[in-house]
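One letter stands for each residue in the lines below.
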Amino acid sequence: MFWTYILRCRDGSYYTGHTDNLENRIAQHQAGALSGHTRSRRPVTLVWSESFHTRIEALEAEARIKGWSRAKKEALLAGDWGRIQLLARNRQMSKRPSTSSGRTE
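Residues numbered from 1 in each chain as written. Predicted model: local features only at pLDDT ≥ 70, side-chain atom pairs only at ≥ 80, totals over all residues. Heavy atoms only, no water.

### A short note on the pairing of strand β1 (residues 2-9)
Inclusion rule: Per-residue accessibility, obtained with a 1.4 Å probe over protein chains only, is compared with the maximum for each type, and a residue is labelled buried under 20%, exposed over 50%, and partly exposed between these values. Strands are runs of DSSP state E lasting at least two residues, helices are runs of H or I lasting at least four, and both sets are numbered from the N terminus onward. Strands qualify as paired when DSSP identifies two bridges or more between them.
Most of β1 sits inside the fold, with six of its eight residues counted as buried. Of the pairings in the sheet, the one linking β1 to strand β3 (residues 44-52) comprises eight bridges and is antiparallel in character. The partner of R8 across the bridge, within β3, is T45. Counting the residues that bridge the hairpin from β1 to strand β2 (residues 14-19) gives four residues, and of these G12 lies at a positive phi of roughly 90 degrees.

Pasting the structure below:
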């Protein structure tokens, strides 16, 4: 079993990762044993996790979530799938070229 997880750090930021041993990985983050984002932002709190059958699935979920806005991550934490879909549509709309002036931005 593999896990994708989100931690809330002391400063309110989020960290997303994946692992094959969730309990151990959280303990490593709490102890400051891992370099990177969470080391100077402890304590951390596990706020979301999902299990996957393969490491590839967990890694793909991690990469997808890391690309999300803070608002979309918070919708995930709240289990608000409607808001996640709305935020995804809004992002897609903002990436489309403008047709009003004939230019793309």
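Now that the structure has been shown, we can carry on.
### Considerations on the environment of W3
Basically, it comes down to this: Between two residues, a contact is recorded if the distance between any of their heavy atoms is within 4.5 Å.
Tracing the backbone through its elements, the reader meets W3 in strand β1. Note on W3: relative accessible area 25%, which makes it partly exposed. Separated by 49 residues in the primary sequence, W3 and F52 have C-alpha atoms spaced 6.0 Å apart. In this structure, W3 is in contact with G17, H18, T19, L22, S49, E50, S51 and A58, ignoring residues within four places of it in sequence.

### A few points about the packing of aromatic side chains
The line we're drawing: Here the aromatic set is Phe, Tyr and Trp, taking the six-membered ring for Trp, and pairing holds for ring centres within 6.5 Å; pairs whose planes are under 30 degrees apart are stacked, those over 60 apart are edge-to-face, and all others are tilted.
Scanning the entire structure with this criterion turns up one aromatic pair. When the centroid spacing of 6.3 Å and the interplanar angle of 45 degrees are considered together, the rings of Y5 and Y15 count as tilted. Here the residue Y5 occupies a position in strand β1, and Y15 occupies one in strand β2, the gap between them amounting to ten residues. The class for Y5 is buried, based on a relative accessible area of 0%. Judged by relative accessible area, Y15 falls into the partly exposed class, the value being 23%.

### Concerning the confidence of the model for the chain
Selection criterion: The predictor attaches a confidence to each residue, called pLDDT, with possible values from 0 through 100.
Across the chain, pLDDT averages 91, with 89% of residues at or above 70. In this model, residues 100-105 is a region of pLDDT below 50 whose contacts with residues beyond four sequence positions or in other chains number three contacts.

### As for helix α2 (residues 55-66)
Two residues of an α-helix separated by three or four positions point the same way, owing to the 3.6 residues in each turn. Applied cut-off: Helix span, expected: 1.5 Å multiplied by one less than the number of residues in the helix. The arc refers to the directions leading from the helix axis to the C-beta atoms.
Here α2 is twelve residues long and its end C-alpha atoms lie 16 Å apart, about the 16 Å a rise of 1.5 Å per residue gives. Buried within α2 are the following residues: A58, A61, E62 and I65. Angular distribution of buried residues about the axis of α2 spans 100 degrees; they occupy a single face of the element. Away from its buried face, by an angle of more than 90 degrees, α2 presents the exposed residues I56 and A63. Looking at the buried side of α2, the elements it contacts are β1, β2, β3 and α3 (70-78).

### Quick notes on the sheet that holds β2
For clarity, the cut-off: Angles run from 0 to 180 degrees between N-to-C directions of axes, and those axes are lines fitted to C-alpha atoms, restricted for helices to the stretch in contact.
Across the sheet, which stays open at both edges, the three strands sit in the order β2-β1-β3 with antiparallel pairing between neighbours. Edge positions in the sheet fall to β2 and β3, since each has one partner strand and no second. Neighbouring strand axes in the sheet, compared pairwise and without regard to direction, differ in orientation by 20 degrees on average. Sheet contacts for helix α1 (residues 22-31): β1, β2 and β3; angle to β1, the most-contacted strand, approximately 30 degrees.

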